[in-house]
Amino acid sequence: MSANERPPGPKTTSATHGSAFLKACRREPVPHTPVWFMRQAGRSLPEYLKAREGIAMLDSCMMPELVTEITLQPVRRHKVDAAIFFSDIVVPLKAIGIDLDIKPGVGPVIAEPVRTRADLDRLRELTPEDVTFVTQAIGMLTAELGSTPLIGFAGAPFTLASYLVEGGPSRNHERTKAMMYGDPELWADLLDRLAGITGAFLKVQIEAGASAVQLFDSWVGALAPADYRRSVMPASTKVFDAVAGYGVPRIHFGVGTGELLGLMGEAGADVVGVDWRVPLDEGARRVGPGKALQGNLDPAVLFAPTATVEAKTQEVLDAAAGLEGHVFNLGHGVMPTTDPDALTRLVEYVHERTAR
Ligand code: CP3
């Protein structure tokens, strides 16, 4: 898409212009290293548990007032530099009519897994009308957030395919890989459909006012680089291309992706998320120039004494010192039993230590 064909939005551009988070994503000078946490909204917060009482996870994602409240909770409490939209990676699949539920303590469970070519027909295109509750919630949120940017997100084609093909969470992704290796045409068509749905879902969020988007490919670290390049990268690239014209930063994240970091950058992101297994300076070498990095404190470190958290955080900041752009985050999501005060202290520490 050329500059003059650029679509409208995001609406928050002027309000969020000075944001440290957006500057770091764009590799511009920052007043301090920005911080946000994957899964910052959720079970680690007592106010979240209270707001969610008696409401099923998927139902809560479709209630704009509740989504607004839950999304704002960690911004108020921790003073993080960005909000992440409260939702789940399976929400767009539910919205196009896939029969699924999120079971507490388990994760997404699919009533009829996708395993044959005939099953693909159930994966129709997503339209903005399918997710009006998302547009409404983001409108309410950006009004409340002011200068704090909102990150929209979606599940990447591989990670969504794993839930759909396995029927639920999986340790080894055996049925998923059986399709990928054994029926490459069906696999490519499945991932291409998911890329279309994901791209459409991210567009809705950006047009409603999200100032950045993150593609979660949480389970893609299960793949070897050659298989990633051949069987997954084309679909992830299609998602990034779908939203390239908006000019909002695109973040690409996965777990256990040390061997894939270069390819994940190549897939089209502006920012590559790194888990705690690869130090950020080494991550930058693997990703190559022209990208910011996000990460990468081990979320389990937050269970150690404060002095240890600070020492481990300083190691992350030292490794990030030479990066073109750094967004501080954990290497994966906040664990539910994390002490919220440890997160608040972590935000303060990063802000103080990196103030310029
Ligand atoms: O980051 C945030 O604060 C925004 C909210 C968010 C949720 N899910 C809310 C949620 C985000 C970004 C997600 C993404 C998501 N969902 C991913 C990718 C991120 C990652 O952690 O790798 C994945 C793999 C899922 C699928 C999923 N949904 C899982 C594995 C679970 C946990 C199941 C459990 O109970 O242990 C869910 C449910 C879910 N999504 C919860 C929340 C707050 C817990 C449900 C509850 O509070 O009852």
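See the structure above.
In this text, all values refer to a predicted model and were calculated from it rather than measured experimentally.

## Some points on helix 11 (residues 233-243)
Buried within helix 11 we find M233, A235, S236, V239, F240 and V243. On the buried face of helix 11, the contacting elements are helix 7 (157-166), helix 9 (184-208), strand 5 (212-216), helix 10 (225-231), strand 6 (250-253) and helix 12 (261-266).

## A closer look at the nonpolar core
Formed by 124 residues in total, the largest nonpolar core has its most connected members in F21, L123 and L190. Looking at which element gives the most residues to this core, the answer is helix 9, with 13 residues. Among all residues touching L190, those that are not within four sequence positions of it are V114, L120, L123, A161, V165 and M179.

## Overview of the environment of A320
Positionally, A320 belongs in helix 14 (residues 306-320). Relative accessible area serves as the criterion here: at 7%, A320 is assigned to the buried category. Separated by 39 residues in the primary sequence, A320 and D281 have C-alpha atoms spaced 6.0 Å apart. In contact with A320, other than residues within four places in its own chain, are L280 and H326.

## Considerations on the pattern of salt bridges
Evaluated as defined, the whole model comprises 15 salt bridges. In this structure, the salt-bridge partner of D119 is R122, at a minimum N-O distance of 3.3 Å. Residue classification places R122 among the partly exposed positions, given a relative accessible area of 27%. Among the salt bridges present, the one from D130 reaches R124, with a minimum N-O distance of 3.0 Å. Residue D130 is classed as buried on the basis of its relative accessible area, which comes to 17%. Linked through salt bridges whose partners overlap, the residues forming this network are E47, R77 and D341.

## So, the site of the ligand
Residues in contact with the ligand amount to 26 residues; listed here are only the nearest, R39, Y48, G105, S218 and H332. Y48 is positioned such that a nitrogen or oxygen atom in its side chain is 2.7 Å from an oxygen atom of the ligand. H332 is positioned such that a nitrogen or oxygen atom in its side chain is 2.7 Å from an oxygen atom of the ligand. With respect to the pocket detection grid, the ligand is positioned in the largest pocket.

## Description of the sheet that holds strand 1 (residues 83-84)
Taken in spatial order, the seven strands make up an open sheet running 1-4-5-6-7-8-9, and their pairing is parallel. Strand pairing shows two members of the sheet lacking a second neighbour, strand 1 and strand 9 (326-330), which therefore form its edges. Both strand 1 and strand 4 (residues 150-155) contribute to a ladder of two bridges, which runs parallel. Each residue of the ladder has a partner; that of I84, found in strand 4, is I151. Its contacts with the sheet place helix 9 against strand 4 and strand 5, and it is angled at close to 165° to strand 4. Along the sheet, helix 14 makes contact with strand 8 (292-297) and strand 9, crossing strand 9 at roughly 150°.

## Things to note about the layout of surface pockets
Taken as a whole, the largest pocket holds about 1,300 Å³ of empty space. Around the largest pocket, the lining is made up of 46 residues, and of these R39, R43, D88, I102 and G107 lie nearest the centre. For the lining of the largest pocket, a count of residues per class yields 25 nonpolar, 14 polar and seven charged. Counted as a void, the second largest pocket has a volume near 250 Å³. Taken together, 14 residues line the second largest pocket, and the ones lying closest to its centre are T33, A320, A321, H326 and R356.

## Here's the deal with the side chain of R250
By the secondary structure assignment, R250 is in strand 6. What makes R250 buried here is its relative accessible area of 12%.

## Here's the deal with the environment of I70
Take I70: it is sitting in helix 4 (residues 64-78). Distance in space between the C-alpha atoms of I70 and A51 is 7.5 Å, their sequence separation being 19 residues. Apart from the residues within four sequence positions on either side, I70 is in contact with A41, Y48, A51, R52 and F86.

Each value, and the rule that gives it
Residues numbered from 1 in each chain as written. Predicted model: local features only at pLDDT ≥ 70, side-chain atom pairs only at ≥ 80, totals over all residues. Heavy atoms only, no water. Buried < 20%, exposed > 50% of the residue type's maximum accessible area, 1.4 Å probe, protein only. Helix = DSSP H or I, 4+ residues; strand = E, 2+ residues; numbered from the N terminus. Contact = heavy atoms within 4.5 Å. Core = buried A, V, L, I, M, F, W, Y, C linked by side-chain atoms within 4.5 Å. Salt bridge = Lys/Arg side-chain N within 4 Å of Asp/Glu carboxyl O. Near = heavy atom within 4 Å. Polar contact = N/O pair within 3.5 Å; in protein donor to acceptor, adjacent residues only side chain to side chain. 1 Å grid on protein atoms, 1.4 Å probe; cavity = no way out; pocket = protein on both sides within 12 Å on 5 of 7 lines; lining within 4 Å. Sits in = over half its atoms within 2 Å of the grid points. Pairing = 2+ DSSP bridges. Axes fitted to C-alpha atoms, helices over the stretch in contact; angles between N-to-C directions. Points joined across faces, edges and corners; volume = space filled by probe spheres on them. Nonpolar A, V, L, I, M, F, W, Y, C, P; charged D, E, K, R; others polar.

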